[in-house]
Amino acid sequence: MQNESTIDPKIIEEVLKFSRNVIEAPKFVSAPDEINLEVTPHKVVQQIDKTRLLHYKPISGTKHKTPLLISYALINRYHILDIHPEKSWVRNLLEQGFEVYMLDWGTPTSMDKYLDFDDYVNGYLESSVEYIKNQSSTEQISLQGYCTGATIATAYTALYPENVKNYIATAPVIDGWKDTTVISNLAKHMDADKMVETIGNMPPEFMYYCFSVLKPFEQGIEKYVKFFKNIDDKKYVDNFLRVEKWLGDTPPIPGELFKQWIKDIYQQNLLIQNKMHVGDELIDLKKIDMPVFTQVAVGDHLVSPECSMPLHYAVGSKDKTLKIYPTGHVGMIASSLSQKKVLPEMGAWLAERS
Amino acid sequence: MSSKPQALTSIGPMRAFAANSKKIAVELIEINENLLGFNQYITEYYKQLSETWGVAQKKVNQKAPKIPQDVEQIEATKRIWIDIFDNDFTELFDSKKFGENYGNLVSKELELTKHWNNITNVILQSVNLPSKEEVDEVYKEIHSLKKRVSKLELELKKEKRKNAK
């Protein structure tokens, strides 16, 4: 009988507890429609086509003269920057006394397949900057770009340096050949012409595939195991569901814009070589001569630091700062680290120059 | 000549029906050819996944205890499993052989979609509806007009602002 293996009663207890949590989960989980991702009060001040310019209501009074416009990424929606009152990028900046605007790119439909970099840079972004300049009676604004939104913002800043007082690039997609992520590997081998010609816009399903190959076991299994283990923790569940809802809301990317992004950035790497054109104009990164603050995350598996950091060395600015944080792509903008370190450092840098 | 039964398909509504049937038949033949290529790449895709799975599982077997005896050991085994599988699969997804095969797989899928679009176009035109290309032309024109209007509006706003100073 001594050879008989015994099962630790704690294992049975854990299995039973986990099963109970799975069964009871529907009681603790809100339906996606019940979760409101727009937490900080704002007004839609301008609408062009499907894009909206949001102006956030000040919280502690505006202390800095230069307004800040955020150009969010093309993947998913801007809500991640305002995902939860305790982890809101926007709210934190408002509390620091900045006037904050956000450009929501909206949800393109089949009709928008011909929208390209020119429309985004010289159209939507330029119109938003002009609106803000008019409203705040200033000649310059501060601009922040995140991820692919930073690619658009970088192109804008190079074309209209006179409009940008300070430029903040957060995990910008700049040097496609140096990008070591799975996304860049897929992009390098993609026939973007055929995709756009056949299906028009880049469909959300393709983005979901790209997400699913990023740490598939941690993100596809362990994340949900942890969720069920913590089903009693209201705060954890709320946060989890907000991020899940955000992850599931991926708009299509306009065909022509997607084609140019894949070919010019990942396949031919034109932006960093100062060979990329937007409309008829050449993007020369040396023309970016205002103060530049570049933020990268060491653990970024969507835009690797090697892809973002070249911006710091390519711009013509004398006043430039590069910050590297021990976190990931989303961790840099929506985590306790972003609240305690990333935002205070960015705020201090921006306050000095606003 | 026109009284011959075989000439019936060259006149009137039957002519269009015959021409459309031929177009659809050609598309279906080409779909079959594409499917051969698609199957080749999808087989390679699953082969790469299953080989990586096999290698990763062997690594886990070498590192983890045979049968976990308590909760801590289960947790440790799970951690080893996740770390090894994530590393090995990320290495695969990062590799040139995966990128190339995946690119070819998507490309073949798009070719299949294109044939499907072509068949749909034949049907749309047979009921006097615009084809995908014709709708695209309209979209392109609308895009071009909107762009011109937006640029003019923006210029006007800038001019007004300049004059107001």
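Along each chain, the written sequence defines residue order, and numbers are assigned to residues from 1. To label them, take the chains in the order written and letter them from A, then take the ligands in the order written and number them from 1. Two thresholds apply to this predicted model, a pLDDT of at least 70 for residue-level local features and 80 or more for giving and counting side-chain atom pairs, whereas whole-chain, interface and lining totals are computed over all residues. The basis for the side-chain values is all heavy atoms of the structure; hydrogens and waters are excluded.

A. Quick peek at the confidence of the model for chain B. The predicted model of chain B has a mean per-residue pLDDT of 90, with 92% of residues at 70 or higher. Confidence metrics for the complex model read pTM 0.90 and ipTM 0.83. Summary of the metric used: pLDDT quantifies the predictor's per-residue confidence within the range 0 to 100.

B. Layout of the state of the cysteines. All names here are of chain A. Cysteine sulfur atoms are paired as a disulfide whenever they come within 2.5 Å of each other. The tally for this structure, following the rule as stated, stands at zero disulfides over all chains. We note that Cys210 lacks a disulfide partner, and the nearest cysteine sulfur, in Cys147, lies 12 Å from it. The buried label goes to any residue with under 20% of its type's maximum accessible area, the exposed label to any with over 50%, and the partly exposed label to all in between, with areas taken from a 1.4 Å probe on protein chains only. Using a relative accessible area of 4% as the deciding quantity, one classes Cys210 as buried. For Cys307, which is in no disulfide, the shortest distance to another cysteine sulfur is to Cys147 and amounts to 9.0 Å. Residue class for Cys307 comes out buried when judged on its relative accessible area of 0%.

C. Focus on unusual backbone geometry. Residue and element names in this part refer to chain A. A positive phi angle is found at Asn76, which is not glycine, with a value near 60 degrees. Looking at the element boundaries, Asn76 is found in the loop between strand E3 (68-71) and helix H2 (89-95). The exposure class of Asn76 is buried, given its relative accessible area of 4%. Each helix corresponds to a stretch of at least 4 residues labelled H or I by DSSP, and each strand to a stretch of at least 2 residues labelled E; elements are numbered beginning at the N terminus.

D. Representation of a nonpolar patch on the surface in the model. A cluster of nonpolar side chains, contributed by Ile7, Ile12 and Leu16 of chain A, occupies part of the molecular surface with about 310 Å² of accessible area. Classification of Ile12 of chain A by relative accessible area gives partly exposed; the value is 43%. A patch consists of residues exposed above 30% relative accessible area that lack any salt bridge, with like charges linked at up to 9 Å and nonpolar side chains (Val, Leu, Ile, Met, Phe, Trp, Tyr) linked at up to 5 Å. Working definition of accessibility: Shrake-Rupley area with a 1.4 Å probe, residue cover restricted to the visible protein chains. Here, a salt bridge means any side-chain nitrogen of Lys or Arg that lies within 4 Å of a carboxyl oxygen of Asp or Glu.

E. Region of the structure containing the pairing of strand E6 (residues 164-170) of chain A. Residues and elements named next belong to chain A. Across the seven residues that make up E6, a large majority, six, are buried. A right-handed crossover is one whose linking path, passing over the helix from the first strand to the second, runs clockwise when the strands point away from the viewer. Each parallel crossover has a hand, and the one from strand E5 (residues 141-146) via helix H4 (residues 148-159) to E6 is right-handed. Note: two strands are recorded as paired if DSSP finds a minimum of 2 bridges between them. Relative to strand E9 (residues 292-297), E6 runs parallel, the two sharing four bridges. Looking across to E9, one finds that Tyr167 is bridged to Val292.

F. Looking closely at the packing of aromatic side chains. To pair, rings of Phe, Tyr and Trp, with the six-membered ring standing in for Trp, must have centres within 6.5 Å; the planes then decide the type, stacked if under 30 degrees apart, edge-to-face if over 60, and tilted in the middle. Using the criterion set out here, one finds 29 aromatic pairs over all chains in the structure. Relative to Trp81 of chain B, the ring of Phe217 of chain A lies with its centre 5.3 Å away and its plane at 85 degrees, an arrangement referred to as edge-to-face. Taken together, the positions of Phe217 of chain A in helix H8 (residues 216-229) and Trp81 of chain B in helix H2 (residues 71-94) put the pair across two chains. A single burial state applies to Phe217 of chain A and to Trp81 of chain B, both of which are buried. Note on Tyr224 of chain A and Phe240 of chain A: the rings are 5.9 Å apart at their centroids and 80 degrees apart in plane angle, and the pair reads as edge-to-face. Linking Tyr224 of chain A in helix H8 with Phe240 of chain A in helix H9 (residues 234-247), this pair joins segments that are 16 residues apart in sequence. The class of Tyr224 of chain A is partly exposed, set by a relative accessible area of 31%. Exposure remark for Phe240 of chain A: the relative accessible area of 11% places this residue in the buried category.

G. Structural detail: the packing of helix H3 (residues 117-136) of chain A against H4 of chain A. Residue and element names in this part refer to chain A. Whenever a helix is involved, its axis is fitted only over the stretch in contact; in every case the axis is a line through C-alpha atoms, and angles between N-to-C directions fall within 0 to 180 degrees. Relative orientation of the contacting elements H3 and H4 amounts to 70 degrees, with a least axis distance of 10 Å. Between H3 and H4, the angle is such that the two are roughly perpendicular. Contacts between H3 and H4 involve Phe117, Tyr120, Val121, Asn122, Leu125, Glu126 and Val129 on the former and, on the latter, Thr151, Ile152, Ala153, Ala155, Tyr156 and Leu159. Classification used: nonpolar for Ala, Val, Leu, Ile, Met, Phe, Trp, Tyr, Cys and Pro, charged for Asp, Glu, Lys and Arg, polar for all others including Gly. Looking at the contact of H3 with H4 residue by residue, the classes come out as 10 nonpolar, two polar and one charged. Oblique is the label for any angle not under 35 degrees, not over 145, and not in the 65 to 115 range, which are roughly parallel, roughly antiparallel and roughly perpendicular in turn. The contact criterion used throughout is that any non-hydrogen atoms of two residues lie within 4.5 Å.

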